[in-house]
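# Chains, contacts and geometry: an overview
Listed below, chain by chain, are the residues.
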Amino acid sequence: METLKFDEGYREYDVNGDKSRIIRFRVDPNLKERIEKAMADIEKLREKYGEMKGGDLYRAGMEFREIINAAFDSDICTPAFGNASPFALLKNGKALYEAFLEALLPALEKEFKAVQSEIRPEVQKYLGEDS
């Protein structure tokens, strides 16, 4: 069997310099929309569980992972959090997932801008203004 080799547009980041914890996802035109949907779904999750305790905290963490992994079409939560709850509190009072998103979102914005500048003008007209 022959193998097709081509650039699939994946980006990779290690987590806190740990080369065994790699986040890998494709930057595609739908990623931004999937992330926006994920943020709305996370807000619904907060409303659903309110004050999370015990089993609710575990279930909310699992649902959070599903939302984020679906948005990126890749398991980025395992390298980011390991087996820890994304709601684990850090010394600064933030949840683990908040610290993660604060690191990830600027990197994503940079990726979106880089991809935008790489799109040929004849293709851009089909993608629209905000692609």
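This part covers the pairing of strand S2 (residues 18-26). Two faces belong to every sheet, and in a regular strand the side chains alternate between them. Pairing of strand S1 (residues 10-15) with S2 involves six bridges; the strand directions are antiparallel. For Tyr 13, the partnering residue across the bridge sits in S2 and is Ile 23. Hairpin connection of S1 to S2: two residues between the antiparallel strands, including Asn 16 at a positive phi of 50°.

On to the confidence of the model for the protein, then. Averaged over every residue, the pLDDT of the protein is 87; residues scoring 70 or more account for 88%. Helix H5 (residues 121-127) is the least confidently modelled element of the protein, averaging 60 in pLDDT, while helix H3 (residues 77-81) averages 97, the highest of any element.

With that settled, the discussion passes to the environment of Ile 42. As for its placement among the helices and strands, Ile 42 is situated in helix H1 (residues 31-49). The buried category is assigned to Ile 42, whose relative accessible area is 7%. Residues Ile 42 and Glu 63, spaced 21 residues apart in sequence, show a C-alpha to C-alpha distance of 8.8 Å. The contacts of Ile 42, once residues within four sequence positions are left out, are Phe 64, Ile 67 and Ile 68.

Residues Phe 25, Phe 64, Phe 72, Phe 81, Phe 100, Leu 104 and Leu 108 are the most contacted members of the largest nonpolar core, which totals 29 residues. Secondary structure elements with two or more residues in this core: S2, H1, helix H2 (54-72), H3 and helix H4 (96-118). In terms of residue count, the dominant contributor to this core is H4 (seven residues). Setting aside residues no more than four positions away along its own chain, Phe 81 makes contact with Arg 21, Phe 64, Arg 65, Pro 86, Leu 96, Tyr 97 and Phe 100.

This paragraph deals with the environment of Leu 105. Relative to the elements of secondary structure, Leu 105 occurs in helix H4. Of the residues examined, Leu 105 reaches a relative accessible area of 37% and is grouped as partly exposed. Remark: the alpha-carbon pair of Leu 105 and Ile 35, spanning 70 residues in sequence, is separated by 9.7 Å.

With that settled, consider H2. Along its 19 residues, H2 runs 28 Å from first to last C-alpha, staying within 8% of the 27 Å computed at 1.5 Å per residue. Among the residues making up H2, those that are buried are Ala 60, Gly 61, Phe 64, Arg 65, Ile 67, Ile 68, Asn 69, Ala 71 and Phe 72. One or two steps after H2, the chain reaches Asp 73, where phi turns positive at roughly 50°.

Phi angles above zero are rare outside glycine, and Asn 16 is one such case at about 50°. Not every positive phi belongs to a glycine, and Asp 73 is a case in point at roughly 50°. For Asp 73, the location among the structural elements is in the loop between H2 and H3. Judged by relative accessible area, which is 64%, Asp 73 ranks as exposed.

Here the focus is the packing of H1 against H2. Running from N to C, H1 and H2 cross one another at 170°; their axes reach a closest spacing of 8 Å. The angle between H1 and H2 falls in the class roughly antiparallel. The residues of H2 that touch H1, namely those facing Leu 31, Arg 34, Ile 35, Ala 38, Asp 41, Ile 42, Leu 45, Lys 48 and Tyr 49, are Asp 56, Arg 59, Ala 60, Glu 63, Phe 64, Ile 67, Ile 68, Ala 70, Ala 71 and Phe 72. Classifying every residue of the contact of H1 with H2 by side-chain character gives 13 nonpolar, no polar and six charged.

What counts, and at which threshold
- Residues numbered from 1 in each chain as written.
- Predicted model: local features only at pLDDT ≥ 70, side-chain atom pairs only at ≥ 80, totals over all residues.
- Heavy atoms only, no water.
- Pairing = 2+ DSSP bridges.
- Helix = DSSP H or I, 4+ residues; strand = E, 2+ residues; numbered from the N terminus.
- pLDDT = per-residue confidence, 0-100.
- Buried < 20%, exposed > 50% of the residue type's maximum accessible area, 1.4 Å probe, protein only.
- Contact = heavy atoms within 4.5 Å.
- Core = buried A, V, L, I, M, F, W, Y, C linked by side-chain atoms within 4.5 Å.
- Expected span 1.5 Å × (residues − 1).
- Axes fitted to C-alpha atoms, helices over the stretch in contact; angles between N-to-C directions.
- Parallel < 35°, antiparallel > 145°, perpendicular 65-115°, else oblique.
- Nonpolar A, V, L, I, M, F, W, Y, C, P; charged D, E, K, R; others polar.

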